[in-house]
Amino acid sequence: MVQTIMVIGAGQMGGGIAQVAAQAGYNVILNDIKDEFVQRGLGIIDKNLSRAVSKGKMEAAAKDAVLAKIKTSTSLDDAKDADLVVEAAIENMELKANIFKTLDVVCKPEAILATNTSSLPITQIAAVTKRPDKVIGMHFFNPVPVMKLLEIIRGFMTSDETYNTIAEIGLKMGKVNVEVKDSPGFGSNRILLPMINEAFFVLSEGLGTAEDIDNVMKFGMAHPMGPLALADLIGLDTCLNIMNVLYEGFKDSKYRPCPLLVKYVQSGLLGQKTGKGVYDYS
Ligand code: CAA
């Protein structure tokens, strides 16, 4: 029975995951390496809930109850109290391997260790632990409180019991679950990122302005936002990382990252988080 969920990483994704977990009634431990990062994550959750209250979609008391469910932490030792840990730290294999090695030692033997990675192999992360049957991918989408999808990725050794527990939690969080096997880019990013990458090729070839390219997908295909604006939301560095994972994973030239995307990243223009990407947010 999962009652307490620890979320590692209080950034955009981790904060969102902590919010939906608390709203689903779980006790949440929100962890990051510095208290300042945890407080920033909590601040975003507070703002999201306050917006819901001001729109009349939530009672003020319900907001307070959700916030009261979230404890803060800056030590992985606090994972000893968790039945499920969802890691949403930065996308770096060495860092994630270290986190999972530590969690494997600290956590109860029956605890499930999940990762929100958007591209790193679940099987490889599971292999650093002595419980690969209890390691799984829980891939949320940005903004987490809004996007309905939970992509659940089974590693090579993930057990049915682990999968079923996570699928139940996904439903409790109000998500639509999809189950995919471990493969570069999983299901979602294998489909999404080549479209975004192609939009950068179309832009670099001067076929249209960024706004026109985005409007093609917004008004022609009813996407809520165009691929270039979406790249800015995801982070251009994350987009490039995922393209590299697809390119290296499949060794197929159809996944080669667009040189214009590479130039944006080299220039530090990473999208909304840096105030400038394809569009200016300053
Ligand atoms: N956090 C929480 N809630 C948010 C939010 C945020 N960051 N941004 C918007 N919202 C909420 C708003 O409060 C509003 O809620 P209500 O309906 O309850 O009032 C609702 O979302 C709609 O927001 P807005 O009216 O401000 O704006 P919008 O209608 O233009 O929607 C959007 C904004 C939800 C971001 C929409 O443009 C959208 O769905 N875009 C596509 C996002 C997407 O594709 N995400 C997946 C990215 S891929 C990924 O994350 C995974 C990966 O591995 C790369």
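Nothing here was measured: the structure is a model prediction, and the numbers come from that model. (Residues numbered from 1 in each chain as written. Predicted model: local features only at pLDDT ≥ 70, side-chain atom pairs only at ≥ 80, totals over all residues. Heavy atoms only, no water.)

We now examine the site of the ligand. Lining the immediate surroundings of the ligand are 18 residues, of which Lys55, Lys57, His139, Asn142 and Asn189 lie closest. Contacts to the ligand include Arg51, whose side-chain N or O atom sits 3.1 Å from a nitrogen atom. In the environment of the ligand, an oxygen atom lies 2.6 Å from a nitrogen or oxygen atom belonging to the side chain of Lys57. Protein contact buries 61% of the 1000 Å² of open area that the ligand shows by itself. For the shell around the ligand, the elements supplying multiple residues, two or more each, are helix H2 (35-54), helix H7 (188-204) and helix H9 (227-234). Among the residues forming the shell around the ligand, the class breakdown is ten nonpolar, five polar and three charged. Composition of the shell around the ligand by domain shows at least three residues from each of domain 1 (4-181) and domain 2 (193-273). (Near = heavy atom within 4 Å. Polar contact = N/O pair within 3.5 Å; in protein donor to acceptor, adjacent residues only side chain to side chain. Areas by Shrake-Rupley, 256 points an atom, 1.4 Å probe, with all protein chains shown as cover. Helix = DSSP H or I, 4+ residues; strand = E, 2+ residues; numbered from the N terminus. Nonpolar A, V, L, I, M, F, W, Y, C, P; charged D, E, K, R; others polar. Domains from an automatic or database assignment.)

If you check UniProt for "domain: 3-hydroxyacyl-CoA dehydrogenase C-terminal" (unreviewed entry), the listed places come out as residues 185-281 in our numbering. Along residues 185-281 one finds 61% helix and 0% strand; the C-alpha atoms at either end are 28 Å apart. (UniProt positions renumbered as here; feature names shortened; annotations may be inferred.)

With respect to the helices and strands, the residue Ser118 is situated in the loop between strand E5 (112-115) and helix H5 (122-126). Beyond its immediate stretch of four places on either side in the chain, Ser118 contacts Glu91, His139, Phe186, Asn189, Thr238 and Ile242. (Contact = heavy atoms within 4.5 Å.)

It is worth spelling out the packing of aromatic side chains at this point. Applying the stated criterion across every chain, the model contains two aromatic pairs. Plain terms: the ring middles of Phe200 and Tyr264 are 6.0 Å apart, the flat faces sit at 70° to each other, and that makes the pair edge-to-face. On the criterion of sequence distance, the pair formed by Phe200 in helix H7 and Tyr264 in helix H11 (residues 259-266) is long-range, its members being 64 residues apart. Classification of Phe200 as buried rests on a relative accessible area of 0%. By relative accessible area, Tyr264 is classed as buried at 16%. (Phe/Tyr/Trp six-rings, centres within 6.5 Å; stacked < 30°, edge-to-face > 60°. Buried < 20%, exposed > 50% of the residue type's maximum accessible area, 1.4 Å probe, protein only.)

In this structure, the second largest pocket occupies an estimated 680 Å³ of space. As for the second largest pocket, its lining consists of 29 residues, of which Gln19, Asn48, Arg51, Pro145 and Val146 are closest to the centre. Elements that contribute at least two residues to the lining of the second largest pocket include exactly helix H1 (12-23) and H2. If one sorts the elements of the lining of the second largest pocket by residue count, H2 sits on top with eight residues. Partitioned by chemical class, the residues of the lining of the second largest pocket number twelve nonpolar, ten polar and seven charged. (1 Å grid on protein atoms, 1.4 Å probe; cavity = no way out; pocket = protein on both sides within 12 Å on 5 of 7 lines; lining within 4 Å. Points joined across faces, edges and corners; volume = space filled by probe spheres on them.)

Here the focus is the packing of H1 against H2. Where H1 meets H2, the closest approach of the two axes is 9 Å, and the angle between their N-to-C directions is 55°. The angle between H1 and H2 places the two elements in the oblique class. With respect to the hand of their crossing, H1 and H2 are arranged in right-handed fashion. Only Ile45, Asn48 and Leu49 of H2 make contact with H1, whose side of the interface consists of Gly15, Ala18, Gln19 and Gln23. Partitioning the contact of H1 with H2 into residue classes produces three nonpolar, four polar and no charged. (Axes fitted to C-alpha atoms, helices over the stretch in contact; angles between N-to-C directions. Parallel < 35°, antiparallel > 145°, perpendicular 65-115°, else oblique. Left-handed = near helix turned anticlockwise from the far one by under 90°.)

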